[in-house]
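# Per-entry structural report
The chain contents come next:
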Amino acid sequence: MERPRDANSIQQLNVLNERFKQWRNWSGFWVLGLCNNFAYVVMLSAAQDILKKQQFDNNTILNPITLAVEFNGVNNSNGTYYDCNSLSTAAVLLADILPTLIIKLSAPLFIQKVPYGFRILFCVIMATASFLIVSFSTAVWISIIGVIFASTSSGFGELSFLSLTVFYKREVLAAWGSGTGGAGVAAALLYSGLAQVGISPQVTLLTMLIVPFTMLNSYFFLLVPPPSFPQWKRRESDDGIDTSEERERLMNGSQEEQETCNQVIEDRSSGLLTLSEKLHVFKGLMPFIAALGLVYYAEYFINQGLMELLYFRKFFLSHAEQYRWYQTIYQVGVFVSRSSLWCVKIRKLWVLGLLQVLNAVLLLLEVRYQFLPSAWFVFGIIFLEGLLGGTAYINTFYFISKEITSTHTAAGRNLPAASASCGTNVAVHIQSGQYSI
């Protein structure tokens, strides 16, 4: 009579261990998403504050060098003017975006040759260096280098962690997306909060050195990798891996299914995808990739080209406070939408792209004609912008994971990241020259 009880106890213990392992993996990917995007989100604002001290004093908090430009046809009755970024801030913006784009376009050609352990160490080192360099910088070009390091860490980390998700159950993808959304809110609130109480940007950035250390601990001590996980050694095929979901199907399926799955895994392990196979994957994912690129183009055109021009003089918040709340509300929208995969899934991503373009057009018209009566309307539009951007991001990766076979999962999940960076980079280049119009 004791053996059945022992068997039941062992079974219950196994169930508890499995749930605990799932909780660790979910929490680990959430923290990794938070830490990976943290430096990327906070670095631009921090660099602007430090650049302001390195240039000359001015009355505008948002930009190191400010030009008062009056658009032709602006309603002169309210005396509104626009603060436009000069070359220094534009250079910081490009330094925050361009390295990520280059990495996401080039890294898929070689990243599978680098073991995951070394990838994570590289990201941690780059993020740590970015905080230190910008904290102690004494010139514009030094701060730019620090921003480049932060962008490099974020871009390389995103590719690595998205590829890493194929070793785990699909639920960790939602955890990653939620963590990346939480990074924006946490970074904005923490940096603004510390600055609000009078702590200098240098001390604030040094305090944030705990973020790369947290990433390191989350990866090596919180995640529970499968036994065959290639931590410190190169694997012949990073795209052909035996995922946890496949192992469950092997355990629960019939003998015929097991033989079929074993044959698939054996075929996949023979080598990397050929060029024609990669092109086939790209062609199949093109609708998702193009839609996400459109969303990010419109999104960053708003964030980097229009937000600082949306100033309501008769509102109870100052220009700097309005801009700060625009950014915070946007990040809240991103966090909410990237955490919504549990209850809402949207496959028609083109609808999100068109809505985001409408947001950009509406705010561009507001900058030109100033027809909205209050900043409250802009708050609502920017919150919707964050919702659309976050929803497009997380749903793109989710449906890609369902659309393509496991053979192409690791390669396929890197393509949307590159698409988003392309859209962002195009918007940044347009933003850099739009104030000369």
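Residues numbered from 1 in each chain as written. Predicted model: local features only at pLDDT ≥ 70, side-chain atom pairs only at ≥ 80, totals over all residues. Heavy atoms only, no water.

### What about the overall build of the chain?
For the record, the criterion: Strands here mean DSSP runs of E at least two residues long; helices mean DSSP runs of H or I at least four residues long; both are numbered from the N terminus. Accessibility here uses a 1.4 Å probe with only protein chains present; expressed as a share of the type maximum, an area under 20% marks a residue as buried, one over 50% as exposed, and anything in between as partly exposed. Any two residues whose heavy atoms approach within 4.5 Å at even a single point are treated as in contact. Throughout, the Shrake-Rupley method with a 1.4 Å probe supplies accessible areas, and for residues the shown protein chains are the sole cover considered.
What the chain contains, in helices and strands, is 15 helices and 2 strands. By residue count, 53% of the 437 residues in the chain fall in the buried class. Sequence separation of 24 or more characterises 83% of the internal contacts of the chain that already satisfy a separation of 6 or more. Here the chain has roughly 20200 Å² of accessible surface; of this, 64% comes from carbon and sulfur atoms.

### Here's the deal with the packing of helix 3 (residues 116-135) against helix 7 (residues 210-222)
Where we set the bar: Every axis in this analysis is a line fitted to C-alpha atoms, fitted for helices over the stretch in contact. Angles between the N-to-C directions lie between 0 and 180 degrees. Roughly parallel means an angle under 35 degrees; roughly antiparallel means over 145; roughly perpendicular covers 65 to 115; every other angle is labelled oblique. Should the near helix be turned counterclockwise from the far one by less than a right angle, the crossing is left-handed, whereas a clockwise turn marks it as right-handed.
The interhelical angle for the contact between helix 3 and helix 7, taken along N-to-C directions, is 165 degrees, at an axis separation of 9 Å. Taken together, the axis directions place helix 3 and helix 7 in an arrangement best described as roughly antiparallel. Here helix 3 and helix 7 pass one another in a crossing that is right-handed. For the pair formed by helix 3 and helix 7, the contact residues are Y116, G117, I120, L121, C123, V124, A127, T128 and F131 on the first element and P212, M215, L216, Y219 and F220 on the second.

### Let's talk about the side chain of N36
Here is the rule: N or O atoms closer than or at 3.5 Å make up a polar contact, with two conditions inside protein: a donor-capable atom paired with an acceptor-capable one, and, for residues adjacent in sequence, both atoms drawn from side chains.
Along the chain, N36 falls in helix 1 (residues 2-54). Polar side-chain contacts of N36 include one of 3.3 Å to the backbone oxygen of S154. In contact with N36, other than residues within four places in its own chain, are S153, S154, G157, E158, F161, W176 and M215.

### Description of the nonpolar core
Stated precisely, the cut-off is as follows: Nonpolar core, defined: a set of buried Ala, Val, Leu, Ile, Met, Phe, Trp, Tyr and Cys residues in which side-chain atoms within 4.5 Å join the residues together.
Within the largest apolar cluster, 64 residues are counted, with the highest numbers of intra-cluster contacts made by F29, F131, F161, L164 and Y219. Here this core takes 9 residues from helix 1, the largest share from any one element. If we ignore the near neighbours within four places in the chain, the residues touching F161 are F29, L32, N36, I120, W176, M215 and Y219. In this structure, F301, I329, L372 and I381 belong to the second largest nonpolar core, which totals 24 residues.

### A few points about the pattern of salt bridges
Applied cut-off: We define a salt bridge as a contact between a side-chain nitrogen of Lys or Arg and a carboxyl oxygen of Asp or Glu at a distance within 4 Å.
Counted according to the given criterion, the structure contains 1 salt bridge. With a shortest N-O distance of 3.4 Å, K21 and E18 are connected by a salt bridge. Of this pair, K21 and E18 are both found in helix 1, 3 residues apart, which corresponds to roughly one turn of the helix.

### Quick word on unusual backbone geometry
Despite not being glycine, Q370 shows a phi value in the positive range, around 55 degrees. Overall, Q370 belongs to the buried group, its relative accessible area being 18%.

### Quick word on helix 5 (residues 171-196)
As a reminder, the rule being used: Multiplying one less than the number of residues by 1.5 Å gives the expected span of a helix.
Taking 1.5 Å as the rise per residue, helix 5 with 26 residues should run 38 Å; its terminal C-alpha atoms sit 37 Å apart, in good agreement. Positive phi appears at G198, one or two residues downstream of helix 5, with a value of about 100 degrees.

### Looking at the environment of A392
Tracing the chain through its elements places A392 in helix 13 (residues 375-403). Note: C-alpha distance between A392 and R347 (45 residues apart in sequence) is 9.0 Å.

### With respect to a nonpolar patch on the surface
To keep it simple, the criterion reads: Residues form patches when they are more than 30% accessible in relative terms and have no salt bridge. Like charges link within 9 Å. Nonpolar side chains (Val, Leu, Ile, Met, Phe, Trp, Tyr) link within 5 Å.
Taken together, the side chains of V361, L362, L365, Y369 and F371 make up a nonpolar region of the molecular surface, amounting to roughly 460 Å² of accessible area. Looking at where F371 falls in the secondary structure, it is placed in the loop between helix 12 (349-369) and helix 13.

### Examining the packing of aromatic side chains
Our working rule: Stacked, tilted and edge-to-face are the three classes assigned to paired rings of Phe, Tyr and Trp, where Trp is represented by its six-membered ring and a pair needs centres within 6.5 Å; plane angles under 30 degrees give stacked, over 60 edge-to-face, the rest tilted. Charge-over-ring contacts are defined here by two conditions on Lys NZ or Arg CZ: a distance within 6 Å of the ring centre and an angle within 35 degrees of the ring normal.
Overall, the coordinates contain 14 aromatic pairs when judged by the stated rule. Centre to centre, the rings of F122 and F156 are 5.2 Å apart; their planes meet at 70 degrees, and the pair counts as edge-to-face. Of this pair, F122 sits in helix 3 while F156 sits in helix 4 (residues 140-164), and the two are 34 residues apart along the sequence. Take F122: its relative accessible area is 35%, and that puts it in the partly exposed class. Between the aromatic rings of F161 and W176, the centroid separation amounts to 5.5 Å while the plane-to-plane angle is 45 degrees, which identifies the pairing as tilted. Residue F161 is found in helix 4, and its partner W176 is found in helix 5; the two are separated by 15 residues along the sequence. Judged by its relative accessible area of 0%, F161 falls in the buried class. Of the residues examined, W176 reaches a relative accessible area of 0% and is grouped as buried. By way of ring pairs, the aromatic residues F315, F316, Y326, W376 and F379 are connected into one cluster. Between the NZ or CZ atom of K345 and the centre of the ring of Y398, over which it lies, the distance is 5.4 Å.

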